[in-house]
Structure formats: structure tokens, C-alpha cells
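# Commentary on secondary and tertiary structure
As a plain string of letters, each chain reads:
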Amino acid sequence: MKKTPSSQRWLQEHHSDSYVLQARKEGYRSRAAYKLLEIDRRDRLFRPGMVVLDLGAAPGGWSQIAARRVGPKGRVVALDRLAMPPLPGVEFHQGDIDDEECMDKILKSLDERGIDLVISDMAPNISGVNAVDLPRSIYLAELALDVARKVLHPGGDMLIKLFQGAGLDDYIKELRRSFRKVAHRKPQASRARSREVYVLGRDFHRE
Ligand SMILES: C[S@@+](CC[C@H](N)C(=O)[O-])C[C@H]1O[C@@H](n2cnc3c(N)ncnc32)[C@H](O)[C@@H]1O
């Protein structure tokens, strides 16, 4: 693949990034793991025995944390359109969130316990053109919210990655229709110049 100046800069930054080095040392599959750890430290997302759905899970940093935190009585169901090497305690499905057949299979695999927490770190392939990237990311977020509305039981929570820009405010309004509390989080592990922001919806209710 041809290296553009921006992909070269990303690679240089990535290799010298302290979170990347830390992830390697501590055995996490992604630097994204530190974003979830930070949010969890503040918001206490996990409890032992919980059932968690991880959307856009590959390469598996968030799933690693979720599986450890819910413990042997919990369950982690993970989805990504890319392959992901197996992780203990994680039921991985390879497929696209936009693929109905794949999502039906996942929904059918859930028992009456439903899901306590949906986490979504899904992101489209970034082109660098906001007019293309933002609608794509909002579309993924809408699909994630549709899934959450189907699987969460009342009182459940959802953590989702979004990008600042067109469509974000309307999406937050939509979240507020289903969650009693909605809060923004920008963990330190998220690069300052990145437009990504995490939004946490708590206490799900059916309208
Ligand atoms: C930032 S990565 C997730 C990193 C992960 N949280 C971790 O800690 O390892 C975003 C993921 O979203 C996935 N993704 C993007 N669009 C998707 C879609 N339509 N369906 C399923 N997964 C998707 C990508 O394949 C990618 O692996």
C-alpha cells in the first residue's frame, strides 16, 4: 500500500505513542483499551456477572477488559466485520452490523438475560473528508442504537464512540429519548486532535 504523508505521520506517532508501548507491555490488543479503562475508572461501567455486547470489537482490547471485568458468571458477545483471534470468555461473531442475517444470529444467541451494557468503538474507514466520514460514523452509531434498543433491558447502559461535527447533536437528542442520563467523555488516551468523543447513555428505558 502506498504511504501518504498522513499515513506516515500516523505510523510514526503510533510507534512512539506511550499508550501503544504500554499496551504492548501489558498485553492489551489495542491502545483503545486505555480509553475504556479510563472511562470505567470514572463511571464504573462493569459489574461481575454482567452481559456485555461489544460492537466493532477487533482487535479485541475492549473485549479483553470486558471479559476480565464481568468474570466467569458474565458473558461478552463481540462483533466485528474483521476477523479477531479468539479471546477467553468472549463469543466473537464476524460480520457487519448492517447485515440483518448476522445480527439476527447474534440476537437469537442471547438468552432471556438480555444485555446489561452495549459498548461500541465502531468507526468507519476514515477518508479524511468530513462530509464523507461524519455521515458514515453517524450511520454506524444509528445502527448501534437500534441494536441497543432491541437488546438492552431497562436500566442498561451504552457507551459509544462518535465524532464531533454534523449530526452529533441530533444523535445525542435521539440517545436522550432512550437513556435517562447522557454524558460526554473525552479520555486522555484519546488523541487531543482527534474529533472522537465517547458518549455514555445510562439507565435505558423503553419509550
Ligand atoms: C477502533 S476499532 C475498535 C477497537 C477495539 N475497541 C479495541 O479495543 O480493540 C473500530 C472497529 O470497528 C469495526 N467496524 C467498522 N464498521 C463496522 C461495521 N459496519 N460492522 C462491524 N464492525 C465494524 C472495524 O472493523 C474496527 O475493527
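Look up a bit, the structure's there.
Let us look at the structure shown here. (Residues numbered from 1 in each chain as written. Predicted model: local features only at pLDDT ≥ 70, side-chain atom pairs only at ≥ 80, totals over all residues. Heavy atoms only, no water.)

Scanning the protein from terminus to terminus reveals seven helices and seven strands. Counting from the amino terminus, the protein carries its helices and strands in the arrangement α-α-α-β-α-β-β-α-β-α-β-α-β-β. Relative to the 2.2 N^0.38 estimate, which gives 17 Å for 207 residues, the radius of gyration of the protein is 17 Å and therefore close to what a compact globule would have. Dimensions of the protein, computed from the C-alpha atoms along their principal axes, are close to 50 × 35 × 35 Å. (Helix = DSSP H or I, 4+ residues; strand = E, 2+ residues; numbered from the N terminus. Rg over C-alpha atoms; globule rule 2.2 N^0.38 Å.)

Closest axis-to-axis distance for the helix α3 (residues 33–43)/helix α4 (residues 61–70) pair is 8 Å, and the angle between their directions is 40°. As far as their axial angle goes, α4 and α3 are oblique. Along this stretch, α3 crosses α4, giving a crossing that reads as right-handed. Residues Ala33, Leu36, Leu37 and Asp40 of α3 pack against Gly61, Trp62, Ile65, Arg68 and Arg69 of α4. (Axes fitted to C-alpha atoms, helices over the stretch in contact; angles between N-to-C directions. Parallel < 35°, antiparallel > 145°, perpendicular 65-115°, else oblique. Left-handed = near helix turned anticlockwise from the far one by under 90°. Contact = heavy atoms within 4.5 Å.)

This part covers the nonpolar core. Core analysis: the largest hydrophobic core is formed by 35 residues, its most contacted members being Leu53, Ile97, Val118, Met158 and Tyr171. When residues of this core are assigned to their parent elements, the largest contribution, nine residues, is made by helix α6 (residues 130–151). Contact partners of valine 118, with chain neighbours within four places excluded, come to Leu53, Leu55, Ala148, Val151, Leu152, Asp157, Met158 and Leu159. Grouped together as the second largest cluster of nonpolar side chains are 30 residues, Leu37, Ile39, Met50 and Ile65 included. (Core = buried A, V, L, I, M, F, W, Y, C linked by side-chain atoms within 4.5 Å. Buried < 20%, exposed > 50% of the residue type's maximum accessible area, 1.4 Å probe, protein only.)

Taken as a whole and judged by the stated rule, the model has one cavity of 30 Å³ or more. By volume, the largest cavity is sized at about 40 Å³. Every residue lining the largest cavity is listed: Ser120, Met122, Ser137, Leu140, Ala141, Ile160 and Lys161. Per element, the largest residue contribution to the lining of the largest cavity is three residues, and it comes from α6. Broken down by class, the residue content of the lining of the largest cavity amounts to four nonpolar, two polar and one charged. (1 Å grid on protein atoms, 1.4 Å probe; cavity = no way out; pocket = protein on both sides within 12 Å on 5 of 7 lines; lining within 4 Å. Points joined across faces, edges and corners; volume = space filled by probe spheres on them. Nonpolar A, V, L, I, M, F, W, Y, C, P; charged D, E, K, R; others polar.)

This paragraph deals with the sheet that holds strand β7 (residues 196–204). Spatial ordering of the open sheet is given by β3-β2-β1-β4-β5-β7-β6, a layout of seven strands whose pairing is mixed. In this open sheet, the two edge strands, each paired with only one partner strand, are β3 (90–94) and β6 (179–185). Averaged over all pairs of adjacent strands, the angle between their axes in this sheet comes to 15°, without regard to strand direction. Pairing of strand β2 (residues 75–80) with β3, which is carried by five bridges, proceeds in the parallel orientation. (Pairing = 2+ DSSP bridges.)

Counted by the stated rule, this structure contains 13 salt bridges. The salt bridge involving glutamate 196 is made with lysine 35; its shortest N-O contact spans 2.8 Å. Of this pair, glutamate 196 sits in strand β7 while lysine 35 sits in helix α3, placing them 161 residues apart in sequence. Each member of the pair, glutamate 196 as well as lysine 35, carries the same accessibility label: buried. (Salt bridge = Lys/Arg side-chain N within 4 Å of Asp/Glu carboxyl O.)

For tyrosine 19, the location among the structural elements is in helix α2 (residues 18–26). When the C-alpha positions of tyrosine 19 and aspartate 99 are compared, they lie 33 Å apart, and in sequence the two are 80 residues distant. For tyrosine 19, the contacting residues outside a window of four places in its chain are Arg31, Tyr34, Glu38, Gln188 and Ala189.

Attention shifts here to the site of the ligand. Around the ligand, 20 residues are found, and the nearest of them are Ser30, Gly61, Asp80, Asp96 and Asp121. A distance of 3.5 Å separates an oxygen atom of the ligand from a polar atom in the backbone of alanine 57. Measuring from an oxygen atom of the ligand, one finds a side-chain N or O atom of aspartate 80 at 2.6 Å. In the complex, the protein chains occlude 89% of the 600 Å² of accessible area that the ligand would expose alone. Split by residue class, the shell around the ligand holds 10 nonpolar, five polar and five charged. (Near = heavy atom within 4 Å. Polar contact = N/O pair within 3.5 Å; in protein donor to acceptor, adjacent residues only side chain to side chain. Areas by Shrake-Rupley, 256 points an atom, 1.4 Å probe, with all protein chains shown as cover.)

So, about the pairing of strand β5 (residues 152–163). On any regular strand, side chains alternate: one points to one face of the sheet, the next to the other face. Of all 12 residues in β5, nine are buried, a share of seventy percent or more. Judged from the five bridges that link them, strand β4 (residues 115–120) and β5 form a sheet pairing that is parallel. Across the sheet, residue isoleucine 119 finds its bridge partner in β5, namely leucine 159. Examined bridge by bridge, β5 and β7 share six bridges and lie antiparallel to one another. Within β7, the residue paired with methionine 158 across the bridge is glycine 201.

Read these as geometric descriptors, not functional statements.
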